[in-house]
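Chain by chain, the residues run as shown.
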Amino acid sequence: MSRVAFSHFDDADDQRSSRLRDGSTVTVRRCIAADEPALRAFLQALSLKARRLRFFTGAVDIATAAHLTAATGPDRLGLLALDERGEIVGHALCIELDPSRAEVAVEVADRLHGQGLGTLLVVQLAVLAERHGISRFVAEVLADNDEMLDVFRDGFDAQVAWREGVEAVEFPTSAWRLARERYPEVVRAP
Ligand SMILES: CC(C)(COP(=O)(O)OP(=O)(O)OC[C@H]1O[C@@H](n2cnc3c(N)ncnc32)[C@H](O)[C@@H]1OP(=O)(O)O)[C@@H](O)C(=O)NCCC(=O)NCCS
């Protein structure tokens, strides 16, 4: 089956503003190839711990990681969260695995952890993925990444199973509605 889920993405210019728990506003928009330099700076500024949790090694080559995460194509969809100054404070990416499933990953600036941004990004990605025929999100999460597992479990009722050294996470993209019910102060209707 061809990888076409995101190829006719018609809402590339769509931007959404949301208020985080601390009262600050973020704007979420689609990530494009031109965002690579800013994405590199964002990833570079993450703590060593955050980089390890996201890329499974603290020694990740940031230039390569930024290139890969900013890459566009019909099989992937990336979202950026920008703060009030226009700086990247969060990024989420899903990559199609087969016509109904995509792998999701997210990272949030260290100073904004716990403000609802990770949940918000997964919700907005799930809304778009569902619209484009992806019915399930999967993720591989390190066992000590409680923050990520909490986001997936608490917001989306994700199933988590230990598999080949990582926590294998799976949930329906439709579960964004659960997260919206649970965190109405951050997650608004699409
Ligand atoms: C995982 C991550 C994306 C979560 O983003 P976030 O914006 O902090 O998530 P949210 O604010 O939506 O928080 C969700 C829940 O986790 C809790 N939480 C978030 N960060 C926490 C922390 N550092 N310690 C304890 N709890 C935390 C929040 O309190 C919240 O709980 P609640 O819903 O009961 O209030 C973020 O911690 C991160 O960027 N980590 C490094 C990169 C990474 O691990 N990526 C995952 C790759 S698969």
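This one's a predicted model, so the numbers in the text were calculated from it and none came from an experiment.

Student: Go over the overall build of the chain with me, naming the residues and quoting the values.
Tutor: Helix and strand content of the chain: six helices and eight strands. Going from the N terminus to the C terminus, the chain shows its helices and strands as β-β-α-α-α-β-β-β-α-β-α-β-β-α. With respect to the three principal axes, the spread of C-alpha positions in the chain is 35 × 35 × 35 Å. Every one of the 190 residues in the chain was classed for burial, and the buried ones make up 36%.

Student: Explain the site of the ligand to me, using residue names and the numbers behind them.
Tutor: In the neighbourhood of the ligand, 22 residues make up the surrounding shell, with L53, H113, G118, T119 and E147 lying closest. Breaking the shell around the ligand down by element, the ones donating at least two residues are helix 2 (48–55), strand 5 (101–108), helix 4 (117–131), strand 6 (136–141) and helix 5 (146–156). Top element by residues in the shell around the ligand is helix 5. It accounts for five residues. Among the residues forming the shell around the ligand, the class breakdown is 10 nonpolar, seven polar and five charged.

Student: Let's hear about the sheet that holds strand 6: which residues, and what values?
Tutor: Reading across from one edge, 1-2-3-4-5-6-8-7 is the order of the eight strands in this open sheet, with mixed pairing throughout. Since the sheet does not close on itself, it has two edges, and those belong to strand 1 (15–19) and strand 7 (159–163), each with one partner. When the angles between neighbouring strand axes are averaged without regard to direction, this sheet yields 25°. Judged from the eight bridges that link them, strand 4 (residues 88–98) and strand 5 form a sheet pairing that is antiparallel. Looking at the pairing, A92 lines up with V106 of strand 5.

Student: I'd like a description of unusual backbone geometry, backed by residues and values.
Tutor: The phi dihedral of F56 falls on the positive side, at around 70°, and the residue is not glycine. Counting through the fold element by element, F56 comes out in the loop between helix 2 and helix 3 (62–70). Exposure remark for F56: the 14 C-beta atoms within 10 Å place this residue in the partly exposed category.

Student: If you had to explain helix 1 (residues 36–45) to someone new, which residues and values would you point to?
Tutor: Along an α-helix, a turn takes 3.6 residues, which lines up residues three or four apart on a common side. Among the residues making up helix 1, those that are buried are L39, F42 and L43. What you see down the axis of helix 1 is that its buried residues fit within an arc of 95°, all on one side. The exposed set on the far side of helix 1, more than 90 degrees from its buried face, consists of P37 and Q44. Elements that come into contact with the buried residues of helix 1 comprise helix 3 and strand 4.

Student: How would you summarise the environment of G73 if you had to cite specific residues and measurements?
Tutor: With respect to the helices and strands, the residue G73 is situated in the loop between helix 3 and strand 3 (76–82). Note: C-alpha distance between G73 and A33 (40 residues apart in sequence) is 9.8 Å.

Student: Give a description of the nonpolar core that names residues and reports values.
Tutor: Nonpolar side chains tend toward joint burial in soluble globular proteins. V104, L121, V122, L125 and A129 are the most contacted members of the largest nonpolar core, which totals 48 residues. Ranked by the residues each element gives to this core, the list is headed by helix 4, at nine residues.

Student: Tell me about the packing of helix 1 against helix 3, and name the residues and values.
Tutor: In the contact formed by helix 1 and helix 3, the axes pass within 9 Å of each other and the chain directions differ by 130°. Accordingly, the angle class assigned to the pair helix 1 and helix 3 is oblique. In this structure, the crossing between helix 1 and helix 3 has a hand that is right-handed. Contacts between helix 1 and helix 3 involve E36, L39, R40, L43 and Q44 from the former and I62, A63, A65, A66, H67, T69 and A70 from the latter. Here the contact of helix 1 with helix 3 is built from residues that sort into seven nonpolar, three polar and two charged.

Student: Account for the packing of helix 4 against helix 5, naming residues and giving values.
Tutor: Axis separation between helix 4 and helix 5 bottoms out at 10 Å; the angle between their running directions is 60°. In this structure, helix 4 meets helix 5 at a crossing whose hand is right-handed. Only V151, G155 and F156 of helix 5 make contact with helix 4, whose side of the interface consists of G118, T119 and V122. Residue classes in the contact of helix 4 with helix 5 are distributed as three nonpolar, three polar and no charged.

Criteria and thresholds
- Residues numbered from 1 in each chain as written.
- Predicted model: local features only at pLDDT ≥ 70, side-chain atom pairs only at ≥ 80, totals over all residues.
- Helix = DSSP H or I, 4+ residues; strand = E, 2+ residues; numbered from the N terminus.
- Buried ≥ 20, exposed ≤ 12 C-beta atoms within 10 Å, placed from the backbone.
- Near = placed C-beta within 6 Å.
- Nonpolar A, V, L, I, M, F, W, Y, C, P; charged D, E, K, R; others polar.
- Pairing = 2+ DSSP bridges.
- Axes fitted to C-alpha atoms, helices over the stretch in contact; angles between N-to-C directions.
- Arc of directions from axis to C-beta.
- Contact = placed C-beta atoms within 7 Å.
- Core = buried A, V, L, I, M, F, W, Y, C linked by C-beta atoms within 7 Å.
- Parallel < 35°, antiparallel > 145°, perpendicular 65-115°, else oblique.
- Left-handed = near helix turned anticlockwise from the far one by under 90°.

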